[in-house]
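# Report on the structure
Each chain, letter by letter, is given below.
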Amino acid sequence: MARKPFSLTYVTYEEGDSVGLVCALLALAPVFIIVAYATLLVSRRELHVFYILAGQLANGALNGLLKAYFDAPRPEGADRAGPGFPSDHAQFMGFWAAYAALFLILYVPRVGRPYWRELLGAAVVALAAAVAASRVYLGYHSADQVCAGLGFGSVFAAGWIEAYGRLLRPRLGGWVRDSPVCRYLLVRDCAHVADVLRVDYDAAMRRLGASSPRKKRS
């Protein structure tokens, strides 16, 4: 029986091409992001992370439906079979970057650390664009396929965060507080907290019998 590569992480580039090597590494970004989701779910148990991951998976399912509908071939010479429109990597990154940027704009206030929101938002958008460009450079997709992927992912993210703001956010706090399952699993909802890192740090310092650096200076 013939063996086939695991396509999720199977990427080729021209030997000796340093740019191609960087592009191959960028193609692994969705894998690292999924690992980050899993790490956050286990360590933080934030309900909002569950919601974002559900949206990311739904976005992936939408990509499969779109590929089956359009059934557009990949560029000539691509060493991977199957439809190429829209790019799954680009749609994944489009959703991730758009949701992150929109959440920063809509729900994260400016608390200390000047310009960190802008820098973080620009970084996620730049990473999404770099991953999409890498798929074109490596020959797995054409420019229109990655642009479509970014577009579909971004639009889906806008709808997903709109549903969060209108339907879920007003109800999540009470549901988490009153749910026996959430209490048993230590699931929480801190998406409304302005500076979670500061709150966690201050709580840890209180348990150690110390005060935070900010309180010492005041």
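No experiment lies behind these values; they were computed from the predicted model shown. (Residues numbered from 1 in each chain as written. Predicted model: local features only at pLDDT ≥ 70, side-chain atom pairs only at ≥ 80, totals over all residues. Heavy atoms only, no water.)

### What about the packing of aromatic side chains?
Put simply, the test is: Note on aromatic contacts: the rings of Phe and Tyr and the six-membered ring of Trp form a pair at centre separations within 6.5 Å, being stacked when their planes are under 30 degrees apart, edge-to-face when over 60 apart, and tilted otherwise. Here a strand is any run of E in DSSP of at least two residues, a helix any run of H or I of at least four, and the numbering for each starts at the N terminus. Whether a residue is buried, partly exposed or exposed follows from its accessible area with a 1.4 Å probe, protein chains only, as a fraction of its type maximum: under 20%, in between, or over 50%, in that order.
Using the criterion set out here, one finds nine aromatic pairs in the structure. For the pair Y107 and Y164, a centre-to-centre distance of 5.6 Å together with 90 degrees between the ring planes defines the contact as edge-to-face. With Y107 in helix α4 (residues 88–107) and Y164 in helix α6 (residues 143–178), this residue pair connects regions lying 57 residues apart in the sequence. Considering the side-chain rings of F156 and W160, the 5.7 Å spacing of their centres and the 20 degrees angle between planes classify their relative orientation as stacked. With F156 and W160 both in helix α6, this residue pair falls four residues apart, about one helical turn. On the basis of relative accessibility, which here comes to 22%, the residue F156 falls in the partly exposed class. Taken together, the aromatic side chains of Y51, F95, Y99, F103, Y107, F156, W160 and Y164 make up a single cluster linked through ring pairs.

### What about the packing of α4 against helix α5 (residues 116–137)?
Rules: In this analysis an axis means a line fitted to C-alpha atoms, helices contributing only their contacting stretch, and an angle means the value between N-to-C directions, from 0 to 180 degrees. By definition in this entry, angles of less than 35 degrees are roughly parallel, angles greater than 145 are roughly antiparallel, angles of 65 to 115 are roughly perpendicular, and the rest are oblique. The contact criterion used is simple: two residues touch if any of their non-hydrogen atoms lie within 4.5 Å. Basically, the charged four are Asp, Glu, Lys and Arg, the nonpolar ten are Ala, Val, Leu, Ile, Met, Phe, Trp, Tyr, Cys and Pro, and anything else, Gly included, counts as polar.
Direction vectors running N to C along α4 and α5 enclose 170 degrees, while the axes themselves pass 9 Å from each other. By the angle between their directions, the pair α4 and α5 is classed as roughly antiparallel. Contacts from H89, A90, M93, W96, A97, A100, L104 and I105 in α4 reach W116, R117, L120, G121, V124, V125, L127, A128, V131, A132 and R135 in α5. Of the residues contributing to the contact of α4 with α5, the split by class is 15 nonpolar, two polar and two charged.

### Section: the pattern of salt bridges
The condition is simple: We define a salt bridge as a contact between a side-chain nitrogen of Lys or Arg and a carboxyl oxygen of Asp or Glu at a distance within 4 Å.
On inspection of all chains with the given rule, the structure shows two salt bridges. With its nearest N and O atoms 3.7 Å apart, the salt bridge here joins K67 to D88. Pair noted here: K67 is in helix α3 (residues 47–70) and D88 is in helix α4, with a separation of 21 residues, a long-range link. Residue classification places K67 among the buried positions, given a relative accessible area of 10%. Across the pair R166 and E162 runs a salt bridge, and its minimum N-O distance is 2.2 Å. Pair noted here: R166 and E162 are both in helix α6, with a separation of four residues, about one helical turn. Accessibility expressed as a relative area gives 60% for R166, which makes it exposed. We classify E162 as partly exposed; its relative accessible area is 38%.

### Re the side chain of H89
Inspection of the secondary structure assignment puts H89 in helix α4. With residues up to four places along the chain from it excluded, the contact list for H89 reads A27, P30, R80, V131 and R135.

### Remarks on the UniProt feature "transmembrane region" (unreviewed entry) in the protein chain
As a reminder, the rule being used: UniProt positions are given in the numbering used here, feature names are shortened, and annotations may be inferred rather than shown by experiment.
Per the UniProt annotation, the sites labelled "transmembrane region" (unreviewed entry) are residues 19–42, 49–70, 90–107, 119–137 and 143–161. Strand forms 0% of residues 119–137 and helix 100%; the C-alpha atoms that close the span are 26 Å apart.

### A few points about α4
To keep it simple, the criterion reads: Residue count minus one, scaled by 1.5 Å, sets the expected span of a helix. Polar contacts here mean pairs of N or O atoms no more than 3.5 Å apart (in protein, one a potential hydrogen donor and the other a potential acceptor; neighbouring residues in sequence count only if both atoms are side-chain atoms).
With 20 residues, α4 ought to run about 28 Å at 1.5 Å a step, and its terminal C-alpha atoms sit 28 Å apart, in line with that. Most of α4 sits out of view: 15 of its 20 residues are buried. Between the side-chain oxygen of the N-cap and the backbone nitrogen of H89 there are 3.5 Å, and the N-cap of α4 in question is S87.

### Let's talk about the nonpolar core
To keep it simple, the criterion reads: Only buried residues count toward a nonpolar core. Its members are Ala, Val, Leu, Ile, Met, Phe, Trp, Tyr and Cys residues joined through side-chain atoms within 4.5 Å.
Residues I33, Y37, M93, W96, Y99, F103 and Y164 are the most contacted members of the largest nonpolar core, which totals 30 residues. Going through the elements one at a time, α2 (29–43), α3, α4, α5 and α6 are the ones with two or more residues in this core. Tallying contributions element by element places α4 first for this core, with ten residues. Setting aside chain neighbours within four positions, we find W96 in contact with I33, Y37, Q56, V124 and L127.

### Some points on α2
Here is the rule we go by: Our arc is simply the arc of the directions from the helix axis toward the C-beta atoms.
For α2, spanning 15 residues, the distance from its first C-alpha to its last is 21 Å, which sits close to the expected 21 Å at 1.5 Å a residue. Within α2, burial applies to A29, P30, I33, Y37 and L41. Each buried residue of α2 lies within a common arc of 120 degrees when the element is viewed along its axis, so the set occupies one face. More than 90 degrees from the buried face of α2, the exposed residues found are F32, V42 and S43. Looking at the buried side of α2, the elements it contacts are α1 (18–26), α3, α4 and α5.

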